[in-house]
Amino acid sequence: MSDSFAASPAASSGDYSADSASDQPVVIRSAADITQLVNRGAAKISDARVVIAIALGGVFLDAYDLGALAFGMKDITRQFGLTPSGAGFVASAITFGAIVGALFGGYLTDKIGRYRVFMADMFFFVIAALACAFAPNEWVLGGSRFVMGLGVGIDLPVAMAFLAEFSKLQGRGNKASRVAMWCPTWYAAISVSYLLVLLLYAVLPATHTDWLWRLILGFGAVPAILIIAIRHRYMNESPVWAANQGDLQSAAAILRKSYNINAVVADDADKTPQVKVRKAAWRNYGTLLQGIYLRRTVLATVTAVASSFAYNAVAFGLPVILSSFLKQSMISTILFSLGLNLCFAFVGGLIAVRYVSKFGAWKMTYAGYACQLVAMIGLALVGRPADGGEAAISIAMLALFLFGQGFGPGSHTMTFASLSYPTSLRGMGVGFNQTLMRASSTLSLFLFPVLSAALGTGVFWVIALAPLAGLIVLTAIRWEPSGYDVDAEDFNAEAGH
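Within each chain, residues carry numbers counting from 1 in the order of the written sequence. pLDDT decides what is reported in this predicted model: residues at 70 or higher carry local features, side-chain atom pairs at 80 or more are listed and counted, and totals for whole chains, interfaces and linings draw on all residues regardless. Remark: hydrogens and water are excluded; side-chain values derive from all non-hydrogen atoms of the structure.

- Looking at an unreviewed UniProt entry, one finds the chain named MFS transporter, with Rahnella ecdela as its source organism.
- UniProt positions are given in the numbering used here, feature names are shortened, and annotations may be inferred rather than shown by experiment. Within the UniProt record for the chain, the comment given under Subcellular location (unreviewed entry) is "Endomembrane system".

Below is the structure:
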């Protein structure tokens, strides 16, 4: 099986349709049968959609924290007397923790299952959010955000595995569109943090504005606790992962509960020859760089690193850009940031979800990077606006960047990471991708305060290198994961074994 730009047809081991759900028993003889049921969307009424929404909880908290800290950095810097390097340390601590978390989270996701990892990682958010709120100095604040990063890093591989393994292959609500849902969820969380900042800014007395960042960061514990409770109520193990471990009975039980599919294991299933599925092991990280997976890993990694570097610099630096470079007041900075995220980034993410099955992840990512490259060049050329007209151009360039991020790399770098690997490799594939992507985020969050202080608006030329790198690798590797049955590779002896 070779990589190609056109999506290959789904592998088929049985003719399962949506009408087979609930009423008639569906006989299971192999793990491949479980995969086919999920890929064909053979469910009527189920908790699967709830599972998809819950899976995005960690994404929401990650983005919420980024947006909250972005507005708090000026006050944190002033209160703790931070240098640009100190501010970079506080900003990047969460992503450094996520590097460690993703590396181990990817392995654990494939080793012990999606459910166990998913239920544990939220506690990192609760503990860390409360610690941030009461941090007496930058070291405690940075350490708390490192712990939060561990939760983020562990959560993303398992979240993407759930999104991929609880969705059908093609049609509305397919795997690619469900994975892309992480992007509008991210921007919705950013917008929630901006709204909360706006509310607190309006009600806090002027003498207590230094409480703002503590309240906004500490509030992150509230949704984390809610997510823990809801996950306990609705979540189950991925039936595809359970089947791949040889536990067909548990996989069938999950299908009955979460999909309302009357799945039963055949009496002779144990006697049916089973394809030996790859087991979780640290050496599987090396498998990502071999055979058919090498090109996919290179594409997924470079696009993710480039997207993360550029977006974190712009999104985290947005309040700085608006207040310092564009000379906006605090209230204008909040309103502009909220408007740009909702009207351009969030809308772009919704467009990605709606149209990825039609245009594909590759084309939308390419177009998004092109928009971002134009936006960064435009911002660099304008520099510090001399009048209202130039300020309007700069804001339009920020809008173009965020819109391109929303419908392009922001949504689909995760599509490349999640849907380039079968179930047996998916956790480690996303973990590997997240490890390098978070390293890029760490570098970006650390460097932006330093480079913006040294270069001023010349920092946009540096950021422009990221979408340029994305365009180059996309031109070199034309791999389209949307609509491709990558899970079939676990049952194909020629694919990666």
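Right, picking up where we left off after that structure.
**With respect to the packing of helix α16 (residues 361-382) against helix α18 (residues 409-419)**
Here's step 1: Lines fitted to C-alpha atoms define the axes here, with helix axes fitted over just the stretch in contact, and angles between the N-to-C directions of these axes take values from 0 to 180 degrees. The secondary structure listing takes helices from DSSP runs of H or I that are at least 4 residues long and strands from runs of E that are at least 2 residues long, numbered from the N terminus. Two numbers describe how α16 lies on α18: the axes approach to 9 Å, and their chain directions differ by 140°. On the basis of their axis angle, the class for α16 and α18 is oblique. Pair α16 / α18 crosses with left-handed handedness. Residue-level inspection shows A361, W362, M364, T365, G368, Y369 and Q372 of α16 in contact with α18, the latter providing P409, H412, T413, T415 and F416.
Here's step 2: Looking at side-chain class alone, the contact of α16 with α18 contains six nonpolar, six polar and no charged residues. Throughout this description, any angle smaller than 35 degrees is read as roughly parallel, any larger than 145 degrees as roughly antiparallel, any in the 65 to 115 degree range as roughly perpendicular, and the remainder as oblique. If you view the pair so one helix is near and one far, a crossing is left-handed when the near helix is turned anticlockwise from the far one by less than a right angle, and right-handed when it is turned clockwise. Throughout, a residue-residue contact means that at least one pair of heavy atoms, one from each residue, lies within 4.5 Å. Gly is put with the polar residues, along with every residue not named as nonpolar or charged; the nonpolar set is Ala, Val, Leu, Ile, Met, Phe, Trp, Tyr, Cys and Pro, and the charged set is Asp, Glu, Lys and Arg.

**Let's talk about the nonpolar core**
Here's step 1: To qualify as a nonpolar core, a set must consist of buried Ala, Val, Leu, Ile, Met, Phe, Trp, Tyr and Cys residues joined through side-chain atoms within 4.5 Å. Relative accessibility decides the category of a residue: with a 1.4 Å probe and only protein chains considered, values under 20% of the type maximum give buried, values over 50% give exposed, and everything between is partly exposed. Ranked by internal contacts, the top residues of the largest apolar core, which has 126 residues, are L141, M160 and I463.
Here's step 2: By residue number, the principal contributor to this core is helix α6 (residues 138-165), which donates 11 residues.
Here's step 3: Setting aside chain neighbours within four positions, we find L141 in contact with I76, F80, V90, C132, A135, W213 and L217.
Here's step 4: Among the nonpolar cores identified, the runner-up in size contains nine residues, and Y107, L288, Y293 and L425 belong to it.

**With respect to the environment of G429**
Here's step 1: Here G429 shows up in helix α19 (residues 423-455).
Here's step 2: Accessibility expressed as a relative area gives 2% for G429, which makes it buried.
Here's step 3: Here the alpha-carbon distance between G429 and T301, two residues 128 residues apart in the chain, equals 9.8 Å.

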